[in-house]
Amino acid sequence: MNEIVRVEQAVKKYHRGAEEVRAVDGVTLEIPQGDFLAVVGRSGSGKTTLLNLMGCVDRPSSGAVTVHGLETGQLSERALATIRSTTIGFVFQHFFLMPTLTAVENVMVPGRFCAKRNGDLRSRAMELLDMVDLGDRANHLPHELSGGEMQRVALARALINEPAILLADEPTGNLDTKSAGQIAAIFEELNRGGLTIVVVTHSAELTGNAARIIHLSDGKIVDEQRLRPLPVSERVQAGEPDEKAAVPEYMPSSRKKRRWGSPAVATLMVLLGAWISASAFLPFIGKFSGYQLVDRGLLSVRFYKENNLTRVYTGEAAVILTGLWPLVLGLLLVAAAVLFLLNFQRISRWSAIVIGSSCALISGINVYMIGNRLGPNVSVEYGVWILFAAGITTLVLGVLLVLAKGVRNKKEPG
Ligand code: ADP
Ligand code: MG
């Protein structure tokens, strides 16, 4: 099915005292997939009312409005609410952002009604803010944003649930020319990506980008102009499968923008990883506590003190526990840092805690093993304690990463 909304002989009556107003008066209209329809007309001509009918905000007094094959007049309030939140994106002249929520939190709001997980939702909201070029304003409150920026936040919010159609009621009505131009450019890009758009507007930029324009007067369509053919419907006619056209293509393009993890956190992880790797060998190099490593073969570790052989450790277990594990874990931490930087958010978060706790555990075992073997009369190597501290630090870092859910999203891109 190549059609998102169908309006058939729709009438919407309002009563003002004894007077009956036909805000929409017998409109018949089809919105195919990929359409970009501009609705124009004088104030009071019924544009908002028509948009509300298409957006399942209102039901027609008579006639029918069908969204995705479902007739709104037949549906319960609850079903209408579901269609509104899953299928339709709304943008209004006055933005209607929540003043106490940041930009990214505002964008996330409709997603709360769509059972998406918090982490996904936040990163999705960030992608959309990037798409509207506001990635660096994510943590600002609405009052810290210009009108144009607020409207772009509202636009990102309208797209959070990947709607099939975007309905905008005079989205540039409150904006200066430059901001209006930016909004118009984003609309055009979204439509080129396959998003179906209906916009009520007086702005020449928006009507200029539209595929067609309808003029309303007293609730009736009095004129209709086609400006260009619909790219998506052409594709569908050319034999491409319908489902493909139904996938909101504007989404992947927004996802192509890579967001980077915080370089500071990544650097810290690399340094820690490198230190843990290096510290794996600390007990065996240098002259900690007067000990000197002479041989560290796979099967024996010999310690000398003042040229006297004091200890010989044999067995792979000693070597593996005191050296190879921290090395591997340190390298893993470096790998995790790279993933973190590349923004594989969940992997990096969990790898951080797994690696961190493993390091602490292995370090603890090391301390125990070496301390045990050296005996109560000899102090434990400094290097071992450093290794232990590094492990604990990594553990703390891992826990902090997990607690600071999506730490990179709270950071503004560097
Ligand atoms: P537009 O958006 O083109 O300015 P509207 O759709 O808001 O026009 O309004 C069309 C007509 O319907 C106007 O005459 C308006 O006064 C009337 N109207 C709209 N909403 C209501 C309402 N809730 N109650 C009564 N009259 C309404
Ligand atoms: Mg209006």
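Our structure's up above, just so we're on the same page.
Small disclaimer: the values here were computed from a predicted structure and weren't measured. (Residues numbered from 1 in each chain as written. Chains lettered and ligands numbered in written order. Predicted model: local features only at pLDDT ≥ 70, side-chain atom pairs only at ≥ 80, totals over all residues. Heavy atoms only, no water.)

**Some details on helix H5 (residues 147–158)**
With 12 residues, H5 extends 16 Å between its outermost C-alpha atoms, agreeing within 8% with the 16 Å of an ideal straight helix rising 1.5 Å per residue. Of all 12 residues making up H5, 11 are buried, and the element is well covered by its neighbours. Among the residues making up H5, those that are buried are Gly148, Glu149, Met150, Gln151, Arg152, Val153, Ala154, Leu155, Ala156, Arg157 and Ala158. (Helix = DSSP H or I, 4+ residues; strand = E, 2+ residues; numbered from the N terminus. Expected span 1.5 Å × (residues − 1). Buried < 20%, exposed > 50% of the residue type's maximum accessible area, 1.4 Å probe, protein only.)

**Notes on the packing of aromatic side chains**
One pair of aromatic rings is described through two measures. These are the centre distance and the angle between the planes. Summed over all chains, the structure comprises two aromatic pairs. Measuring from ring centre to ring centre gives 5.9 Å for Phe90 and Phe92, while their planes differ by 5°; the resulting arrangement is stacked. For Phe90, a relative accessible area of 17% corresponds to the buried category. Measuring from ring centre to ring centre gives 5.3 Å for Phe92 and Phe96, while their planes differ by 65°; the resulting arrangement is edge-to-face. The exposure class of Phe92 is partly exposed, given its relative accessible area of 29%. Judged by its relative accessible area of 52%, Phe96 falls in the exposed class. Following the ring pairs from residue to residue traces out a cluster consisting of Phe90, Phe92 and Phe96. (Phe/Tyr/Trp six-rings, centres within 6.5 Å; stacked < 30°, edge-to-face > 60°.)

**What to know about the environment of Arg6**
Mapping Arg6 onto the fold places it in strand S1 (residues 3–16). Arg6 gets classed as partly exposed once you look at its relative accessible area, which sits at 28%. Residues Arg6 and Pro32, spaced 26 residues apart in sequence, show a C-alpha to C-alpha distance of 8.4 Å. Residues in contact with Arg6, not counting those within four places in the same chain, are Leu29, Glu30, Ala64, Val65 and Thr66. Within the structure, the side chain of Arg6 is placed 2.8 Å from the side chain of Glu3, a separation counted as a polar contact. (Contact = heavy atoms within 4.5 Å. Polar contact = N/O pair within 3.5 Å; in protein donor to acceptor, adjacent residues only side chain to side chain.)

**Observations concerning the sheet that holds strand S8 (residues 196–200)**
One open sheet holds the six strands; their spatial order is S6-S7-S8-S3-S9-S10, and the pairing between them is mixed. If you trace the sheet from one side to the other, it starts and ends with strand S6 (88–92) and strand S10 (220–226), each paired once. The average angle at which neighbouring strand axes cross in this sheet is 15°, direction not considered. Bridge analysis of strand S3 (residues 36–41) against strand S9 (residues 212–217) gives five bridges, and the strand direction is parallel. Looking at the pairing, Val39 lines up with Ile214 of S9. Strands in contact with helix H2 (residues 77–87) are S6 and strand S7 (165–169); relative to S6, the strand with the most contacts, it is inclined by about 80°. Strands S3, S7 and S8 of the sheet are contacted by helix H6 (residues 177–192), whose axis makes an angle of about 150° with S8. (Pairing = 2+ DSSP bridges. Axes fitted to C-alpha atoms, helices over the stretch in contact; angles between N-to-C directions.)

**Observations concerning the site of ligand 1**
Contacts to ligand 1 come from Tyr14, Arg16, Val21, Ala23, Arg42, Ser43, Gly44, Ser45, Gly46, Lys47, Thr48 and Thr49. One of the backbone nitrogen or oxygen atoms of Ser45 is found 3.2 Å away from an oxygen atom of ligand 1. Within the side chain of Thr49, one N or O atom sits 2.5 Å away from an oxygen atom of ligand 1. Surface burial for ligand 1 is 67%, taken as the share of its 550 Å² of free accessible area covered by protein chains. Of all elements in the fold, only S1, strand S2 (19–32) and helix H1 (47–54) reach the threshold of two or more residues within the shell around ligand 1. Top contributing element to the shell around ligand 1 by residue count: H1, with three residues. Taken together, the residues of the shell around ligand 1 sort by class into three nonpolar, six polar and three charged. (Near = heavy atom within 4 Å. Areas by Shrake-Rupley, 256 points an atom, 1.4 Å probe, with all protein chains shown as cover. Nonpolar A, V, L, I, M, F, W, Y, C, P; charged D, E, K, R; others polar.)

**Considering the pairing of S6**
In summary, the side chains of a regular strand alternate between the two faces of the sheet. With four of five residues buried, S6 is to be regarded as a mostly interior element. Examined bridge by bridge, S6 and S7 share five bridges and lie parallel to one another. Each residue of the ladder has a partner; that of Phe90, found in S7, is Leu167.

**Digging into the pairing of S9**
Pairing between S9 and S10: six bridges, direction antiparallel. Directly across from Ser217, in S10, lies its bridge partner Lys220.

**A short note on H2**
Within H2, burial applies to Leu80, Ile83 and Thr87. Considered in projection along H2, the buried side chains sweep an arc of 70° and stay on one side of the axis. Away from its buried face, by an angle of more than 90 degrees, H2 presents the exposed residues Glu77 and Arg78. Turning to H2, the residues buried within the fold contact strand S4 (62–67), strand S5 (70–71), S6 and S7. (Arc of directions from axis to C-beta.)

**Here's the deal with the nonpolar core**
Within the largest apolar cluster, 44 residues are counted, with the highest numbers of intra-cluster contacts made by Leu129, Leu166 and Phe187. Counting residues per element, the ones that place at least two in this core are S3, helix H3 (103–108), helix H4 (118–131), H5, S7, H6 and S8. If we ignore the near neighbours within four places in the chain, the residues touching Phe187 are Phe36, Leu155, Leu166, Ala168, Pro171, Ile197, Val199 and Leu206. Counting residues in each nonpolar core, the second largest holds 28 residues, with Leu75, Ile165, Leu167 and Val198 among its members. (Core = buried A, V, L, I, M, F, W, Y, C linked by side-chain atoms within 4.5 Å.)

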